[in-house]
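# Structure assessment
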Amino acid sequence: ATGATGLTGATGATGLTGATGATGLTGATGATGATGLTGPTGPVGCGTPNFIVKSNGTSADCSIIYDNATNVGIGTTTPADKLHIVGTTRITSLQTSTTPSANTDKLVWTNSNGVLQALASGVAGDILTLDASGLPDWAANSGWLTTGNNLSATGIIGSLTNQDVDFHINNIFRGRLESTDGSFNWGATASPYAGDGLSSISTATNTFALNGYSAQNGSGTWGEILAASSTAFSGVQGVYGGSGSGAGVLGNYNGTNTSNTRAGVFGVCSSPAAAAGVGVYGRNAISSGNQRVGVLGDYNDTAFGLGVVGLGFGGSIMAGNNDVAIVGWRANNANYSGYFNGNHVIANGTKSASVPTTKGNQLLYCMESPEVWFEDFGTAELLNGTATVQLDDLFMETVLIDDKHPLHVFVQVQGECEDVYVVPETNRFQVKEKNNGASNVKFSYRVVAKRYHFADHRFGNDPVWGKGDTREYSQKAPARPIDYDEGVKMDMDAKKNYKRTKMPEGFIYPEDMPQPELTRPESSKR
């Protein structure tokens, strides 16, 4: 037989949900219910005709927009145009066009009645301006563009009012065009001097105020006083007002030409032909003190050179290894290579003539005297033991002969006779044979007399060398050899072994003089 049913086991896990079945058919619509009761009439929202109604949040009200079916007004009930606004107007968040079209994008403005009007399109480059009636209009660009200007007539850059025009770069002031006189100043607001039309003032960065450069067939800087002017100012004028060793004007030839006449400064006087002139003029205008030099010539004494050269007609610049302070050169035997009106002094040297010989030019030296004498030479003849010699009339005009300044006569007999003696007079002298001799013989003579206006000169202090014993400033001079090669060697050795000769206090050597800068600093080159 079947046994008893056992206890129910625990419930198992819920199985997966099955798929949703299809939607059933829609049932039939029910009958419409009865209409409810009509509520009470609400308040009127706007009682003025043509105003657009607005909500105030709880009820309706009249807005400020008026619409008469023809025009719309805001702030007016008599709109004269499609949209007529009375009062201020503000527009924000306008569309921005990066590629405006002349056909669809317009500039607008209001006329005196407040009506918006579109401005007709201009042409490329036009600027917006006002016409004679004060209305906006397009006009050809008369402004100054930083990208370039296509001018059809003379343009203007600057100011139309009485105001200075300043130039700034990187928001830093650089220059000014002054309204008072039209002067232009670069580097400062004003020139140190009134009357400058154009001035450039150096700064800590730009230490050279004004420079001119040329790599063409022209000058770096040109200054000219035109023919209509009678000014005493110069075409180019320089003034040094500092405390250094600079110069008012410096000329420096730093080129590559090898001509011996290339010059740092070249002065020319070219007109008028009817008057004298000076090519280079140097004048020291200091009114006190000493050592005021008008013109100084010097050269680098590690080389050979000529301090100052003056050339007359037919003259030339000497060649060779020479150290000469001053050279005057004129065609041989014509006029003068040097001319002095006044005392001419040679110190620590000789006065020589350089005379051509078979052994080269040789030096012949002048005789020196403590007094000033003129002399003349000649020949005469004893007739029966006596002769009278009349002095040259022109020679007499150059000398003084009197009891205090007697004539000196030296005679050399040129034949056999007794000894002779001289009887000097003021304008002649007699030669007589002693012992009543009656010889007929020739003789030569030399007469010496004091120079007119210098008859009482004897010695005379030269103050250049100071007071007292000045022999320490002189040194023994070796005799020059006759042979050319030996003479050249002597000069070369003297230069190589040069030592300063002691000079009186205050004398200045060229190598001790401060020199101006000749070229720009290397750091300033680009």
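Notes on the structure in this doc start here. Since we're looking at a predicted model, the values are computed, not measured.

## So, the overall build of the protein
- Counting its regular elements, the protein contains two helices and 23 strands.
- Relative to the compact-globule value of 24 Å for 526 residues, the protein shows a C-alpha radius of gyration of 58 Å, a clear excess of over 25%.
- Taken over the C-alpha atoms alone, the protein extends approximately 215 × 100 × 45 Å along its principal axes.
- Looking at the protein as a whole, 11% of its 526 residues qualify as buried.
- Pairs at least 24 residues apart make up 35% of the contacts formed inside the protein by residues separated by at least 6 positions.

## Here we look at the sheet that holds strand E18 (residues 386-390)
- Read from one edge to the other, the open sheet built from three strands follows the order E18-E22-E21, with strand pairing classed as antiparallel. Two strands lie at the open edges of the sheet, namely E18 and strand E21 (420-424), each paired on one side alone. Neighbour to neighbour, the strand axes of the sheet diverge by 20 degrees on average, direction disregarded.
- Where E21 and strand E22 (residues 428-433) come together, five bridges link them in antiparallel fashion. Bridge assignment links Pro424 to a residue of E22, and that residue is Phe429.

## Describing the nonpolar core
- Counting residues in each nonpolar core, the largest one holds 18 residues, and the members touching the most others are Leu382, Leu407, Phe429, Phe443 and Val447.
- Put simply, the parts of the chain that give this core at least two residues each are E18, E22 and strand E23 (442-451).
- Of the residues forming this core, the biggest block, four residues, is contributed by E23.
- Once residues lying within four places of it in the same chain are set aside, the contact partners of Phe443 are Gly378, Thr379, Ala380, Glu381, Leu382, Ala387, Val389, Val411, Gln412, Val413, Gln414 and Val431.

## Here's the deal with helix H2 (residues 484-496)
- Under the 1.5 Å per step criterion, the end-to-end length of H2 is 19 Å for 13 residues, consistent within 8% with the ideal 18 Å.
- Its side-chain oxygen at 3.1 Å from the backbone nitrogen of Asp485, Asp483 defines the N-terminal cap of H2.

## Here's the deal with the sheet that holds strand E1 (residues 51-55)
- Read across the open sheet, the four strands follow the order E1-E2-E3-E4; overall the sheet is mixed. Only two strands of the sheet have a single partner each, and these edge strands are E1 and strand E4 (83-85). Averaged over all neighbouring strand pairs, the angle between strand axes comes to 40 degrees, with direction disregarded.
- Sheet analysis places E1 next to strand E2 (residues 60-67), joined by four bridges and oriented antiparallel. Of the residues in E2, the one forming a bridge with Phe51 is Tyr66.

## Here's the deal with the state of the cysteines
- Applying the stated criterion across every chain, the model contains one disulfide.
- Here Cys46 engages in a disulfide with Cys62; their sulfurs sit 1.6 Å apart. Taking the torsion about the S-S bond as the criterion, the Cys46 to Cys62 disulfide, at about 95 degrees, is right-handed. Of this pair, Cys46 sits in the segment before E1 while Cys62 sits in strand E2, and the two are 16 residues apart along the sequence.
- By relative accessible area, which is 16% here, Cys46 ends up buried.

Procedures and definitions
Residues numbered from 1 in each chain as written. Predicted model: local features only at pLDDT ≥ 70, side-chain atom pairs only at ≥ 80, totals over all residues. Heavy atoms only, no water. Helix = DSSP H or I, 4+ residues; strand = E, 2+ residues; numbered from the N terminus. Rg over C-alpha atoms; globule rule 2.2 N^0.38 Å. Buried < 20%, exposed > 50% of the residue type's maximum accessible area, 1.4 Å probe, protein only. Contact = heavy atoms within 4.5 Å. Pairing = 2+ DSSP bridges. Axes fitted to C-alpha atoms, helices over the stretch in contact; angles between N-to-C directions. Core = buried A, V, L, I, M, F, W, Y, C linked by side-chain atoms within 4.5 Å. Expected span 1.5 Å × (residues − 1). Polar contact = N/O pair within 3.5 Å; in protein donor to acceptor, adjacent residues only side chain to side chain. Disulfide = S-S within 2.5 Å.

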